[in-house]
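# Examination of the molecular architecture
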Amino acid sequence: MKKVAIFLAEGYEEIEALTVADICRRCGLEVILVSVTEERWVRSSHHVNVEADLCFSQADFSEYDMLVLPGGMPGTRNLEAHEGLMAQVDAFYAAGKYIVAICAAPSIFGHRGILKGRKACCYPGFESHLEGAEVTAGPVEVSGHVITSRGMGTAIDFALAIVEVFCGREKAVETAEAVIYG
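Residues numbered from 1 in each chain as written. Predicted model: local features only at pLDDT ≥ 70, side-chain atom pairs only at ≥ 80, totals over all residues. Heavy atoms only, no water.

### Re the environment of leucine 18
The test is simple: In this text, helices come from DSSP runs of H or I with a minimum length of four residues, and strands from runs of E with a minimum of two, each type numbered from the N-terminal end. Whether two residues are in contact is decided by their heavy atoms: any pair within 4.5 Å suffices.
Looking at the element boundaries, leucine 18 is found in helix 1 (residues 14–26). Distance from leucine 18 to leucine 79, taken between C-alpha atoms, is 16 Å for residues 61 residues apart in sequence. Contact partners of leucine 18, with chain neighbours within four places excluded, come to Leu33 and Val50.

This is the structure:
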């Protein structure tokens, strides 16, 4: 079973994090919510408190197949400020393992040089941060082992793209139909 880590930092966008967790779990993927602090309870940008499964220091990143960065403010800035997480993003990218981000969070990939020569999308107004990318207005861009998406309104598309990567197109279509999407 593929294992996905979704990172929660103070000020994350709850729809972007929890939609991915929900859809991926429906499809049999193992999803772990990881707090980037040493507190398991994390407050979203809209003051929704969610309890993470574990704290960053407890995670064994050799077990994961994908890292998911939800957007939101100041959540995106708080993710990018976490040196340990940024080291994992760089390591996953170098190893050809999946790294994915939605909303403002693709800007993190742009700042790290990860998007050079790739198609990418993000929340409107953050395009200048997608350094070196071919920026699109698509709901989701899958470019090799890097996936980006635009925001809360594209969270289901984003989650289904993840499902398609690990479970195949048929499962993604079946899941979209099951949740009355599309």
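### Some remarks on the nonpolar core
Note the following rule: Here, the term nonpolar core denotes a set of buried Ala, Val, Leu, Ile, Met, Phe, Trp, Tyr and Cys residues that are joined through side-chain atoms within 4.5 Å. With a 1.4 Å probe rolled over the protein chains alone, any residue whose accessible area is under 20% of its type maximum counts as buried; one over 50% counts as exposed, and the rest are partly exposed.
In this structure, Ile6, Leu8, Val20, Met66, Val68, Phe158 and Ile162 are the most contacted members of the largest nonpolar core, which totals 33 residues. Taken together, the elements giving at least two residues each to this core come down to strand 1 (3–8), helix 1, strand 2 (30–35), strand 6 (66–69), strand 7 (98–102), helix 5 (155–167) and helix 6 (169–178). Per-element tally for this core: the top contributor is helix 5, with eight residues. Ignoring any residue separated from it by four or fewer positions in sequence, one finds phenylalanine 158 in contact with Val20, Val68, Val100, Ala101, Ile102, Val140, Ile147, Thr148 and Ser149.

### Thoughts on the pattern of salt bridges
So the rule is basically this: Note on definitions: salt bridges are taken to be side-chain nitrogens of Lys or Arg within 4 Å of carboxyl oxygens of Asp or Glu.
In this structure the tally under the stated criterion is eight salt bridges. With a closest N to O distance of 2.5 Å, aspartate 22 and arginine 26 form a salt bridge. Note that aspartate 22 and arginine 26 are positioned in helix 1 at a spacing of four residues, about one turn of the helix. Across the pair arginine 40 and glutamate 51 runs a salt bridge, and its minimum N-O distance is 3.5 Å.

### Describing helix 5
For the record, the criterion: Take the residue count of a helix, subtract one, and multiply by 1.5 Å to get its expected span.
For helix 5, built from 13 residues, the straight-helix expectation of 18 Å at 1.5 Å per residue is met to within 8% by its first-to-last C-alpha distance of 18 Å. Listing the buried residues of helix 5 in full gives Ala155, Phe158, Ala159, Leu160, Ala161, Ile162, Val163 and Phe166. Immediately downstream of helix 5, the backbone of glycine 168 shows phi near 95 degrees, a positive value.

### Brief notes about the sheet that holds strand 11 (residues 146–149)
Note the cut-off: At least two bridges found by DSSP between two strands is the condition for calling them paired. Angular values range over 0 to 180 degrees, each being the angle between N-to-C directions of two axes fitted as lines to C-alpha atoms, with helices fitted over their stretch in contact.
Across the sheet, which stays open at both edges, the seven strands sit in the order 5-2-1-6-7-11-10 with mixed pairing between neighbours. Strand pairing shows two members of the sheet lacking a second neighbour, strand 5 (54–55) and strand 10 (140–143), which therefore form its edges. Looking at chain direction, strand 10 and strand 11 are connected through four bridges and run antiparallel. Looking at strand 11, one finds that valine 140 is bridged to serine 149. This element, helix 5, spans strand 1, strand 6, strand 7, strand 10 and strand 11 of the sheet and lies at about 170 degrees to strand 7.

Keep in mind these numbers describe shape, not what the thing actually does.
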